[in-house]
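Topology and contacts: notes
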Amino acid sequence: MLRPLLRLCSLPPQFVVPSIRHLSTSSALQYTRKASGSTIRVPSKKAQAAKAKRKAALAAKEDERYLKLSLEDAISVLRAVEVASPKSTYELIVKTRVGNGAAVPRGRVSLPREAKPKGEDKILVFAEGRLAEDAKKAGAHIVGGVELIDGILNNRHRATTILCTPALIKAITPRLGRFLGPLGLMPSERRGTVTEDIVGYIQRLRGTSEWRADRAGTIRAPIATMEFPVSDVVTNFRQFLTSVKKATGNLKEADEAERRAKNSGGVIPITKVMLSSSRGPGIRIADF
């Protein structure tokens, strides 16, 4: 095997042909597909609507498989489970479908009979001049102008409710919109938190408690204890759910602001309503 190699080495340089592989440098763009037959079919709006309708029908059929009880029957089951724990609470669970980038549902409710002591709201108001003075007199905890923005971003100013006057909303939106929006705290005209009637809004906060969904769109709230009569539990349940329906645009008897939200596609679907307790199961409610 060495003889051919020795012969090759003994040849003059001009007769030695190096074994070099030349790689192709042609661009991949040379291998383009022909225009014919490469068009992508875009479904029409009618086809998309039909597909969505079929998908909704399948989801509704799947949902029918799960057991649902009336509100009164669910209360009876949970009372039986918690018979040894009269201090246990009923928990209402409402699941909503929140779209990408949409603010989570949030609202306020005044229950006829509170299940737990109400927590104190901490109110921050963006206002200047006379409106700022009125806000302070009405009981706002933090009042100021655009100088409050850095404190909010740095978590030095923490509030459960943020109000703003129409004159300052454009100044605070560029920096606070993405920060407060996902938290459901960004002032907006639709929610009534952008207003010149700061005093009236603060007065309406008294005697109410706030509820808010998490990032997945789930709302959880205690609505009664096992000691309550069934009628009180039902009343609290209906009152709380009415507040949720108004905030999500699902109530027909909505005010003008909520009707505008509906017309702009702002309705947030309610997909599931459940009632649970400290030791009891989550029971789907049929009549909500």
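Before going into details, it helps to say that this report is about the structure given with it. These figures come from a predicted structure and were not determined experimentally.

When helices and strands are counted, the protein shows nine helices and ten strands. Sorting the 288 residues of the protein into buried and exposed places 35% on the buried side. When the accessible surface of the protein is summed, it comes to about 19000 Å², and 54% of that surface belongs to carbon and sulfur atoms.

On to the packing of helix H3 (residues 71-81) against helix H8 (residues 230-248), then. Their axes nearest at 11 Å, the elements H3 and H8 cross at an angle of 125°. For the element pair H3 / H8, the angle class is oblique. The element H3 and its partner H8 pack so that their crossing is right-handed. On H8, the residues touching Leu71, Glu72, Ile75 and Arg79 of H3 are Val230, Val233, Val234, Phe237 and Arg238. When the residues that make up the contact of H3 with H8 are grouped by side-chain class, the tally is six nonpolar, no polar and three charged.

The next subject is the side chain of Thr165. One can find Thr165 in the loop between strand S6 (161-164) and helix H6 (169-180). A relative accessible area of 4% places Thr165 in the buried class. If sequence neighbours within four positions are ignored, Thr165 has contacts with Phe126, Ala127, Leu131, Val194, Thr195 and Ile198.

Another aspect to go through is H6. With twelve residues, H6 extends just 13 Å between its outermost C-alpha atoms, more than 12% less than the 16 Å of an ideal straight helix rising 1.5 Å per residue. On its buried side, H6 packs onto strand S4 (123-126), helix H5 (149-153) and S6.

Our next topic: the sheet that holds S6. Strand order in this open sheet of three strands is S5-S4-S6, and the pairing throughout is parallel. Whereas interior strands pair on both sides, the edge strands pair on one side only; in this sheet they are strand S5 (142-144) and S6. Averaged over all pairs of adjacent strands, the angle between their axes in this sheet comes to 10°, without regard to strand direction. In this sheet, S5 lies alongside S4 in parallel orientation, the contact comprising three bridges. Among the inter-strand pairings, Val125 is bridged to a residue of S5, identified as Val143. The sheet contacts of helix H7 (residues 198-205) involve S4 and S6, and relative to S6 the element is tilted by about 160°.

Turning our eyes to something else, we now look at the pattern of salt bridges. Summed over all chains, the structure comprises seven salt bridges. Between Lys87 and Glu227 there is a salt bridge; the shortest N-O distance is 3.3 Å. Pair noted here: Lys87 is in the loop between H3 and strand S2 (89-96) and Glu227 is in the loop between strand S8 (218-225) and H8, with a separation of 140 residues, a long-range link. Residue classification places Lys87 among the exposed residues on the basis of a relative accessible area of 64%. Here Glu227 falls in the partly exposed class, since its relative accessible area comes to 45%. Notably, a salt bridge pairs Arg238 with Asp287, separated by 3.5 Å at the nearest N-O pair. Placement of the pair is Arg238 in helix H8 and Asp287 in the segment after strand S10 (283-285), with a sequence separation of 49 residues. For Arg238, a relative accessible area of 32% gives the class partly exposed. Judged by relative accessible area, Asp287 falls into the partly exposed class, the value being 30%.

Thresholds applied
- Residues numbered from 1 in each chain as written.
- Predicted model: local features only at pLDDT ≥ 70, side-chain atom pairs only at ≥ 80, totals over all residues.
- Heavy atoms only, no water.
- Helix = DSSP H or I, 4+ residues; strand = E, 2+ residues; numbered from the N terminus.
- Buried < 20%, exposed > 50% of the residue type's maximum accessible area, 1.4 Å probe, protein only.
- Areas by Shrake-Rupley, 256 points an atom, 1.4 Å probe, with all protein chains shown as cover.
- Axes fitted to C-alpha atoms, helices over the stretch in contact; angles between N-to-C directions.
- Parallel < 35°, antiparallel > 145°, perpendicular 65-115°, else oblique.
- Left-handed = near helix turned anticlockwise from the far one by under 90°.
- Contact = heavy atoms within 4.5 Å.
- Nonpolar A, V, L, I, M, F, W, Y, C, P; charged D, E, K, R; others polar.
- Expected span 1.5 Å × (residues − 1).
- Pairing = 2+ DSSP bridges.
- Salt bridge = Lys/Arg side-chain N within 4 Å of Asp/Glu carboxyl O.

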